[in-house]
Each structure stands twice: as C-alpha cells, then as structure tokens.
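Observations on the model geometry
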Amino acid sequence: GSLAVKDVSIRLRVECRKERITKMGNELTVPILQLEELDVRLSRVKFKVKETGADWILNKAVKGFQDNITSIVEMNLKEQVQEQVENVLKNINSYVEVNPDVMLNLLGITMDDLEENIVWV
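1. A short note on the pattern of salt bridges
The tally for this structure, following the rule as stated, stands at nine salt bridges. Here arginine 11 ties to glutamate 37 by a salt bridge, and the two come within 2.4 Å at their closest N and O atoms. Remark: glutamate 37 occurs in strand β2 (residues 26-48) and arginine 11 occurs in strand β1 (residues 2-23); sequence separation between them is 26 residues. With relative accessibility at 46%, the residue arginine 11 sits in the partly exposed group. For the salt bridge of glutamate 36 with arginine 17, the shortest nitrogen-to-oxygen distance reads 3.9 Å. Of the two residues, glutamate 36 sits in strand β2 while arginine 17 sits in strand β1, which places them 19 residues apart along the sequence. Through salt bridges with shared partners, one network takes in Arg11, Arg13, Glu15, Arg17, Glu36, Glu37 and Glu115.

Here's what the structure looks like:
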C-alpha cells in the first residue's frame, strides 16, 4: 500500500525568556528558549491498498475513514515535531546557560528586555 500526505503546514513560535536557576548555591538569571506555539495541519492523507486481491473493497473502506486517518496522522506528526523541537531547545539552553551573553548578543537584546518565565505549580 501507499500513504500520501498532502499540503503540510507547520508553524511554530519560539520565545526567549529569562529564568532563575540555582547553580553552585548561587541564584542566576539566564535566557532560555521555549516553544510557545505549535500548529500542525494536513490538508489530506490518502491511504491506498495494493496487491491484496480485494483492493477495491479495502480502498472503499479506507476512503470512508480518510478524515479519521488524516486527524490521527496530524496528531502524531504534531507530537513528534513538538518532542523534537523541545529536545533541540533543551540542548541549546544547556549551552546558553554556560555563556548567556553569546545568545543575548546574537539576538541583539539584554536580559532586561526579556520577560521572566513563571512556572505555576
């Protein structure tokens, strides 16, 4: 069989914020990157069964579930993209924590320009 995905749209927004951390007994404020928005959309997923001997009936059944298949693929794709982006940001943030001035200079901002990241417990 085959699976075709049509018109994929992935939109994400990453923000730079400041966060307070404790390092070696000292409280520091460091910039962090975090995923603020992720939108994944698929126009359509087309699944086609081949060489089963009952292709025509299976393809009719699959066509009836096309919207459900599209929703499931879209949800799974979003979860995977989110996981990968968060892993990348975690790695970047570990480097930035050691030398925050590099990222601040790269972005052309200061720590005072950043909103504080507030975690509600």
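2. Comments concerning the environment of lysine 60
Checked against the element boundaries, lysine 60 lands in helix α1 (residues 55-64). On the accessibility criterion, lysine 60 (62% relative accessible area) is exposed. Residues lysine 60 and aspartate 112 lie 52 residues apart in sequence; the distance between their C-alpha atoms is 60 Å.

3. Remarks on the layout of surface pockets
Put simply, the largest pocket is a space of about 170 Å³. Mapped onto the lining of the largest pocket, the elements with two or more residues apiece are β2 and α1. For the lining of the largest pocket, the element with the most residues is β2, which contributes four residues. Here the residues of the lining of the largest pocket are counted per class, giving two nonpolar, two polar and four charged.

4. So, the pairing of β2
Bridge count between β1 and β2: 21 bridges; the pairing is antiparallel. Bridge pairing links arginine 17 to isoleucine 32 in β2. Between β1 and β2, which pair antiparallel in sequence order, lie two residues; one of them, methionine 24, sits at a positive phi of approximately 55°.

5. Some remarks on the side chain of lysine 18
Mapped onto the secondary structure, lysine 18 falls in strand β1. For the buried lysine 18, no salt bridge exists, and the shortest N-O distance to an oppositely charged side chain is 4.8 Å, to aspartate 112. Sequence-distant contacts of lysine 18, defined by excluding residues within four places in its chain, comprise Thr29, Val30, Pro31, Met111, Asp112, Leu114, Glu115, Glu116 and Asn117.

Calculation criteria
Residues numbered from 1 in each chain as written. Predicted model: local features only at pLDDT ≥ 70, side-chain atom pairs only at ≥ 80, totals over all residues. Heavy atoms only, no water. Salt bridge = Lys/Arg side-chain N within 4 Å of Asp/Glu carboxyl O. Helix = DSSP H or I, 4+ residues; strand = E, 2+ residues; numbered from the N terminus. Buried < 20%, exposed > 50% of the residue type's maximum accessible area, 1.4 Å probe, protein only. 1 Å grid on protein atoms, 1.4 Å probe; cavity = no way out; pocket = protein on both sides within 12 Å on 5 of 7 lines; lining within 4 Å. Points joined across faces, edges and corners; volume = space filled by probe spheres on them. Nonpolar A, V, L, I, M, F, W, Y, C, P; charged D, E, K, R; others polar. Pairing = 2+ DSSP bridges. Lys, Arg positive; Asp, Glu negative; His and termini not counted. Contact = heavy atoms within 4.5 Å.

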